[in-house]
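Coordinates in review
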Amino acid sequence: MTYSSGTKNVGITGEVLGTHVLFAEASSDVPIPLPEALFSNTTYQEYGTRIAEKGFVRTQTRINMTPHRETVDLTYSDSRNHILHVKAAIVNGTIISVEGDNPDDLPAFAVTAIALVCVLLISGGIWYLARFRPRDLPLTSDRVPEPEPIKNPRDIALHLLDEAELDASRGNYPESYRKTGRAIRIVLSHEISHGEELTSGELERLLGSYPGNTGKIRGLLDRCRTVGFAKGTPDPGEFQDMINFTRTLFHEGFGGKEVPGTGNQVPQAGS
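Let us look at the structure shown here.

Each value, and the rule that gives it
By convention here, each chain's residues receive numbers from 1 onward along its written sequence. Reporting of local features is limited, given that this is a predicted model, to residues whose pLDDT is at least 70; pairs of side-chain atoms are given and counted only at 80 or more, and all residues count toward the totals for whole chains, interfaces and linings. Note: side-chain values were computed over all heavy atoms of the structure, leaving out hydrogens and water. Axis definition: a line fitted to C-alpha atoms, limited for helices to the stretch in contact. Angles are taken between N-to-C directions and run from 0 to 180 degrees. The secondary structure listing takes helices from DSSP runs of H or I that are at least 4 residues long and strands from runs of E that are at least 2 residues long, numbered from the N terminus. Convention used here: angles under 35 degrees read as roughly parallel, angles over 145 as roughly antiparallel, angles from 65 to 115 as roughly perpendicular, and any remaining angle as oblique. We call two residues contacting when some pair of their heavy atoms lies within 4.5 Å. Under the scheme applied, nonpolar residues are Ala, Val, Leu, Ile, Met, Phe, Trp, Tyr, Cys and Pro; charged residues are Asp, Glu, Lys and Arg; polar residues are all the others, including Gly. What makes two strands pair is DSSP finding at least two bridges between them. Two aromatic rings, drawn from Phe, Tyr or Trp (for Trp, its six-membered ring), form a pair once their centres lie within 6.5 Å of each other, and the interplanar angle then sorts them: stacked below 30 degrees, edge-to-face above 60, tilted otherwise. For each residue, the accessible area found with a 1.4 Å probe, counting protein chains only, is set against the maximum for its type, and the residue is called buried under 20%, exposed over 50%, and partly exposed in between.

1. As for the packing of helix α4 (residues 153-169) against helix α8 (residues 236-252)
One can describe the packing of α4 onto α8 by two numbers: an axis separation of 11 Å at closest approach and a directional angle of 170°. Taken as axis vectors, α4 and α8 run roughly antiparallel relative to one another. Here R154, A157, L158, L161, D162, A164, E165 and A168 of α4 lie close against α8, whose contacting residues are F239, Q240, I243, T246, R247, F250 and H251. Broken down by class, the residue content of the contact of α4 with α8 amounts to 8 nonpolar, 3 polar and 4 charged.

2. Remarks on the sheet that holds strand β1 (residues 2-5)
What the 7 strands build is an open sheet, ordered β1-β2-β3-β4-β5-β6-β7; its pairing is antiparallel. Since the sheet does not close on itself, it has two edges, and those belong to β1 and β7 (94-100), each with one partner. Averaged over all pairs of adjacent strands, the angle between their axes in this sheet comes to 15°, without regard to strand direction. In the sheet, strand β4 (residues 57-65) pairs with strand β5 (residues 69-77) via 8 bridges, with the strands oriented antiparallel. Counterpart to V57 in the pairing with β5 is S77. Its contacts with the sheet put helix α2 (residues 42-53) on β5, β6 (83-91) and β7, and the angle it makes with β6 is roughly 165°.

3. Details of the packing of aromatic side chains
One pair of aromatic rings is described through two measures. These are the centre distance and the angle between the planes. Enumeration according to the criterion identifies 2 aromatic pairs in this entry. Measuring from centroid to centroid gives 6.0 Å for Y173 and F239, while their planes differ by 85°, and the two rings are edge-to-face. Note that Y173 is positioned in helix α5 (residues 173-191) and F239 in helix α8, a separation of 66 residues in sequence. Relative accessible area serves as the criterion here: at 3%, F239 is assigned to the buried category. Aromatic rings pair up to connect Y173, Y177 and F239 into one cluster.

Written out as structure tokens, the structure is:
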């Protein structure tokens, strides 16, 4: 609801639940009557006298009321638009607190001026660093880094074999067998298939359709699988033969074909 008297208005808002008013709040930009308990409070009287002597008058009033509590928010200003806020709480007709801004504190315009000076100083510092920074410390690199070349299947497989031999030297044979088997799968997946890494079972089925002696490769894949997953016993001598055979296979290619990424085919090494 809004109440008017000439050009003066007071707004009343609130909430009703059934037949009960939960709260009501009056607000106005003109002075309106305050709770009687506030006028008889010594703290508020002394504060009001103090700010009145400094030229402050009440410009806004907000009073929130419930059945047992009232909260009063007051705004005061002077001719230079300095603002003060006062807040009071009343419970069952008794003042329990009165808090107000100190009129002797730094005026609002001075706070704004100091904030503006700080912004200017920070901006000046940023400009100075950007303008006079050492030339040997560029903010950004003028050179675009070159992308690393994509490794071909052979390089990946040879790296796996190096790791497998290192694992074997540490006694971790299951891991060394697994890496050897994967190195073989990577190369053969590119040589006899479409490049997507195949499982040992899938490769063994493909090898079965190729002419020639592919039994050794299938047997090697089977050993890598069984020992790698703790279903077989590793043999250091066997493992070294597997490494030698696999490196030769990578150089020669399957069936006399060059393995991708090997460059020129080299003569066949010993069987």
